[in-house]
Amino acid sequence: FSQEQPYNSQTATIAQATNSQATKFKVRIENISTKDEFTASNGTKWTLDFSPGVWLVHSKDDPIFTMAQKDRGQGLEAIAEDGNPTMLSKSLQNQSGIQSRGIFNTPVGAIKPKGIRPGQVFEFTFSATPDEKLSFATMFGQSNDWFYAPKGIGIALFDANGKAISGDITSQIYLWNDGTEVDEEPGIGKNQGPRQKSPNTGANENGVVQMIKDNSAYAQTSKVMRVTIIPEG
């Protein structure tokens, strides 16, 4: 995705939980990678950015994708390929089992919407009740169609005793391949966000959503990202 690409600045929840059991949470997504941390096969050094994304609170499983199945055409592709969260947020508006959703698109301390570079942070808040879960998706910015997200089941926001979770939840975030665009080597592909001539370019892959499992640092989420959640009040 392009750091200069304009994004819909919708950041508020659409349908917040209101009953007396609702707990307010704050989530921080931090880019803990470093500038020029990675080196491509041709010697080019590249930096990992995370795009604006969508978050949602839900009670049903697999609200935005199902592993080993094709992208649903509801907007996840636009995040995974171009870092644009607008379509996915809109498509989730009237889906059953989704209590609230929103867009995170402006780094803490910034004025204009853009992705987060090393050392920068996204934050968002929401309210949820027991039995509800959190999901989100943000693009791996130097790829054709990769994104970070929890598994389809989402992250449980309360434990078995109904207590709100708190702390580091990075271990529940994974790197995924959306299966929509043929992959090029990260950091140098001509059809990847920072270098493509226009959005939605590159050869169609006609694949399925799958988890990326290799020894690369960027595939081990905790080496490049830190996600924390804090119940407020």
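Along each chain, residues carry numbers from 1 onward, in the same order as the chain's sequence is written. Only residues with pLDDT of 70 or above have their local features reported here, since the model is predicted, and side-chain atom pairs are shown and tallied only from 80 upward, although totals for entire chains, interfaces and linings are computed over all residues. Hydrogens and waters are ignored; side-chain quantities use all the structure's heavy atoms.

1. Digging into the packing of aromatic side chains
Ring geometry is summarised as follows: Phe, Tyr and Trp rings, the Trp one being its six-membered ring, pair when their centres sit within 6.5 Å, and such pairs are stacked at plane angles under 30 degrees, edge-to-face over 60 and tilted between the two. Counting across every chain of the model gives 20 aromatic pairs. When the ring of Trp46 is compared with that of Tyr218, the centres are 5.9 Å apart and the planes differ by 45°; the resulting orientation is tilted. Pair noted here: Trp46 is in strand S3 (residues 45-46) and Tyr218 is in the loop between strand S12 (210-211) and strand S13 (225-232), with a separation of 172 residues, a long-range link. Comparing Trp46 with Tyr218, the two get one shared label, buried. Ring geometry for Phe140 against Tyr218: centres 5.0 Å apart, planes inclined by 70°, an arrangement best described as edge-to-face. Separated by 78 residues along the polypeptide, Phe140 in strand S7 (residues 133-140) and Tyr218 in the loop between S12 and S13 bring together distant segments of the chain. Each member of the pair, Phe140 as well as Tyr218, carries the same accessibility label: buried. Here a set of aromatic residues connected by ring pairs shows up, and it is made of Phe25, Trp55, Phe104, Phe122, Phe124, Phe126, Phe136 and Phe158. Secondary structure elements follow DSSP: runs of H or I no shorter than four residues count as helices, runs of E no shorter than two count as strands, and numbering proceeds from the N terminus. Between buried and exposed lies partly exposed: a residue is buried under 20% and exposed over 50% of the maximum accessible area for its type, with that area taken using a 1.4 Å probe on protein chains only.

2. Thoughts on the side chain of His58
With respect to the secondary-structure elements, His58 resides in strand S4 (residues 50-58). A distance of 2.7 Å separates a polar atom in the side chain of His58 from a polar atom in the side chain of Ser135. Each residue touching His58, except ones within four places of it in the same chain, is listed here: Pro63, Gly97, Ile98, Gln99, Asp131, Glu132, Lys133, Leu134, Ser135, Gly152, Ile153 and Gly154. N or O atoms within 3.5 Å of each other form a polar contact, as long as, within protein, one can give a hydrogen and the other can take it, and as long as residues adjacent in sequence are counted only when both atoms are side-chain atoms. Contacts are residue-level and defined by heavy atoms, with any inter-residue pair within 4.5 Å sufficient.

3. A closer look at the environment of Gly83
With respect to the secondary-structure elements, Gly83 resides in the loop between helix H1 (76-82) and helix H2 (86-91). Between the C-alpha atom of Gly83 and that of Tyr148, which follows or precedes it by 65 residues, the distance is 11 Å.

4. Let's talk about the pattern of salt bridges
Any Lys or Arg side-chain nitrogen located within 4 Å of an Asp or Glu carboxyl oxygen qualifies as a salt bridge. The tally for this structure, following the rule as stated, stands at seven salt bridges. Measuring nitrogen to oxygen at the nearest pair gives 3.0 Å for the salt bridge that ties Asp61 to Lys133. Residue Asp61 is located in the loop between S4 and H1, and its partner Lys133 is located in strand S7; the two are separated by 72 residues in the primary sequence. The network of salt bridges with common partners includes Lys26, Arg28, Glu30, Glu123, Arg226 and Glu232.

5. A short note on the sheet that holds strand S6 (residues 121-128)
Strand pairing in a sheet is mediated by backbone hydrogen bonds. Such pairs are either parallel or antiparallel. Strand order across the open sheet formed by four strands is S6-S1-S13-S10, with antiparallel pairing between neighbours. Because the sheet does not close on itself, it has two edges, and the strands there are S6 and strand S10 (167-168). By this definition, two strands are paired if DSSP reports at least two bridges between them. Here two bridges tie S10 to S13, and the two strands are oriented antiparallel to one another. Bridged to Asp168 within S13 is Thr228.

6. A closer look at the pairing of S7
With eight of eight residues buried, S7 is to be regarded as a mostly interior element. Inspection of the sheet shows S4 paired to S7 by seven bridges, in the antiparallel sense. Of the residues in S7, the one forming a bridge with Phe50 is Phe140. In this sheet, strand S9 (residues 155-156) lies alongside S7 in antiparallel orientation, the contact comprising two bridges. Considered in S9, the bridge of Lys133 is made with Ala156. Between S7 and the antiparallel strand that follows it, strand S8 (residues 146-149), lie five residues.

7. A few points about the confidence of the model for the protein chain
Do not read the fine detail of predicted coordinates wherever pLDDT is low. Mean pLDDT over the protein chain: 91, with 91% of residues reaching 70 or higher. As a per-residue measure, pLDDT tells how confident the predictor is, with possible values from 0 to 100. Below a pLDDT of 50 lies the segment residues 2-18, which in the model reaches 49 contacts outside its immediate sequence neighbourhood of four places, other chains included.

8. So, the environment of Asp178
Tracing the backbone shows Asp178 in the loop between strand S11 (174-177) and S12. Distance in space between the C-alpha atoms of Asp178 and Pro231 is 31 Å, their sequence separation being 53 residues. With sequence-adjacent residues up to four places away left out, Asp178 is seen in contact with Asp71, Leu76, Glu77, Ala80, Asp145, Phe147, Val208 and Val209.

9. Description of the nonpolar core
By nonpolar core we mean a set of buried residues, namely Ala, Val, Leu, Ile, Met, Phe, Trp, Tyr and Cys, connected to one another through side-chain atoms within 4.5 Å. Ranked by size, the top nonpolar core spans 36 residues in total, and within it Ile29, Leu48, Phe126, Tyr148, Leu157, Tyr218 and Ile229 carry the most contacts. Going through the elements one at a time, strand S1 (23-31), S4, S6, S7, S8 and S13 are the ones with two or more residues in this core. When residues in this core are grouped by element, the largest group, four residues, is from S6. Listed in part, the 18 residues of the second largest apolar core include Leu88, Ile98, Ile103 and Trp176.

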